[in-house]
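These are the residues of each chain, in order.
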Amino acid sequence: MSLRPILIHPDPRLKRVAEPIARITPEIETLAADMIATMYDAPGIGLAGPQVGVLQRIFVMDATRDPEAEPDPMVLVNPELVWRSDATNVYEEGCLSIPDQYAEVTRPAEVRLRWLGLDGQTHERDFDGLAATCAQHEMDHLDGVLFIDHLSAIRRQMITRKMQKLKRDRARD
């Protein structure tokens, strides 16, 4: 298991639609383990394949915020949104690919996802609260959508300029 570099916006790979994964292989298992380690190290509660430069439909998440609780990472391969509630929630979202930038995003309060697990089996589960927001945020990444795409054009441009400056500053170091 190793940490993978996280792509920083703007990067064209973050705007591409990820490809389905044909089957669970040892390489996919290694990718999942690396993504979990990278997510926890960042630290974050979710990480999608495109964020580590892998344009495949996989994301990991652990929306457990209680520091006393055991980690409960999930690996979702080829996830699909099969239901969403009419009720909505507003959360202040951030993104490991857009460091130190946060904004309120409105999303369905509850969702049901179906995905392939590392065990090769199909799983289905309902998510609510922060877990629902996290799952939708990561699903967006698989479709080339960033949380800032849910914001006004002016706010999105302002954040993009900050990220361009951050990348220039890092390149000089």
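A. Seen up close, helix α3 (residues 153-172). The terminal C-alpha atoms of α3, which comprises 20 residues, lie 29 Å apart, in line with the 28 Å expected from a rise of 1.5 Å per residue. Taken as a whole, α3 has its buried residues at Ile159, Thr160 and Met163. Angular distribution of buried residues about the axis of α3 spans 105°; they occupy a single face of the element. Residues of α3 that are exposed and point over 90 degrees away from its buried face: Ile154, Arg161 and Arg172. Residues of α3 that are buried make contact with β5 (98-108).

B. Spatial organisation of the pairing of strand β3 (residues 74-84). As paired strands, strand β2 (residues 58-61) and β3 are joined by 4 bridges and run antiparallel to one another. Within β3, the residue paired with Val60 across the bridge is Val75. Taken together, the 5 bridges between β3 and strand β6 (residues 110-116) define a ladder with antiparallel strand orientation. Bridge pairing in β6 places Arg84 opposite Val111.

C. Structural view of the pairing of β5. Here strand β4 (residues 88-95) pairs with β5 via 7 bridges, running antiparallel. Bridge pairing links Tyr91 to Val105 in β5. The turn joining β4 and β5, which pair antiparallel and follow one another in sequence, is formed by 2 residues.

D. Region of interest: the environment of Ala37. Here Ala37 is to be found in helix α1 (residues 26-41). Judged by relative accessible area, Ala37 falls into the buried class, the value being 16%. Filtering out sequence-adjacent residues up to four positions away, Ala37 remains in contact with Met1 and Leu3.

E. Examining the layout of surface pockets more closely. Of the volumes computed, that of the largest pocket is approximately 820 Å³. Lining the largest pocket we find 36 residues, and of these Pro43, Gly44, Ile45, Gly94 and Leu96 sit closest to its centre. Of all the secondary structure elements, the ones that give two or more residues to the lining of the largest pocket are α1, β4, β5 and α2 (129-142). Per element, the largest residue contribution to the lining of the largest pocket is 6 residues, and it comes from α2. Elements with a minimum of two residues in the lining of the second largest pocket: β3, β5 and α2. Class assignment of the residues belonging to the lining of the second largest pocket gives a composition of 3 nonpolar, 2 polar and 4 charged.

F. Layout of unusual backbone geometry. A cis amide bond links His9 to the next residue, Pro10, at an omega of -5°. Tracing the backbone shows Pro10 in the segment before α1. A cis amide bond links Ala42 with the next residue in sequence, Pro43, at an omega value of -10°. Along the chain, Pro43 turns up in the loop between α1 and β1 (46-48). Of note, the phi angle at Asn78 is positive, near 50°, even though the residue is not glycine. Mapped onto the fold, Asn78 is located in strand β3. Non-glycine residue Asp100 carries a positive phi angle of around 65°. Along the chain, the position of Asp100 falls in strand β5. The exposed category is assigned to Asp100, whose relative accessible area is 64%.

G. Molecular detail of the sheet that holds β6. Sheet architecture is open: 5 strands sit in the order β1-β2-β3-β6-β7, paired in antiparallel fashion. Two strands in the sheet have a free side with no partner beyond their single neighbour: β1 and β7 (122-128). Neighbour-to-neighbour, the strand axes of this sheet turn through a mean angle of 40°, independent of strand direction. Each of β1, β2 and β3 touches α1; the most contacted strand, β2, lies at about 40° to it. Those strands touched by α2 are β1, β2, β3, β6 and β7, and its axis lies near 155° from that of β2.

Thresholds, definitions, all that
Residues numbered from 1 in each chain as written. Predicted model: local features only at pLDDT ≥ 70, side-chain atom pairs only at ≥ 80, totals over all residues. Heavy atoms only, no water. Helix = DSSP H or I, 4+ residues; strand = E, 2+ residues; numbered from the N terminus. Expected span 1.5 Å × (residues − 1). Buried < 20%, exposed > 50% of the residue type's maximum accessible area, 1.4 Å probe, protein only. Arc of directions from axis to C-beta. Contact = heavy atoms within 4.5 Å. Pairing = 2+ DSSP bridges. 1 Å grid on protein atoms, 1.4 Å probe; cavity = no way out; pocket = protein on both sides within 12 Å on 5 of 7 lines; lining within 4 Å. Points joined across faces, edges and corners; volume = space filled by probe spheres on them. Nonpolar A, V, L, I, M, F, W, Y, C, P; charged D, E, K, R; others polar. Axes fitted to C-alpha atoms, helices over the stretch in contact; angles between N-to-C directions.

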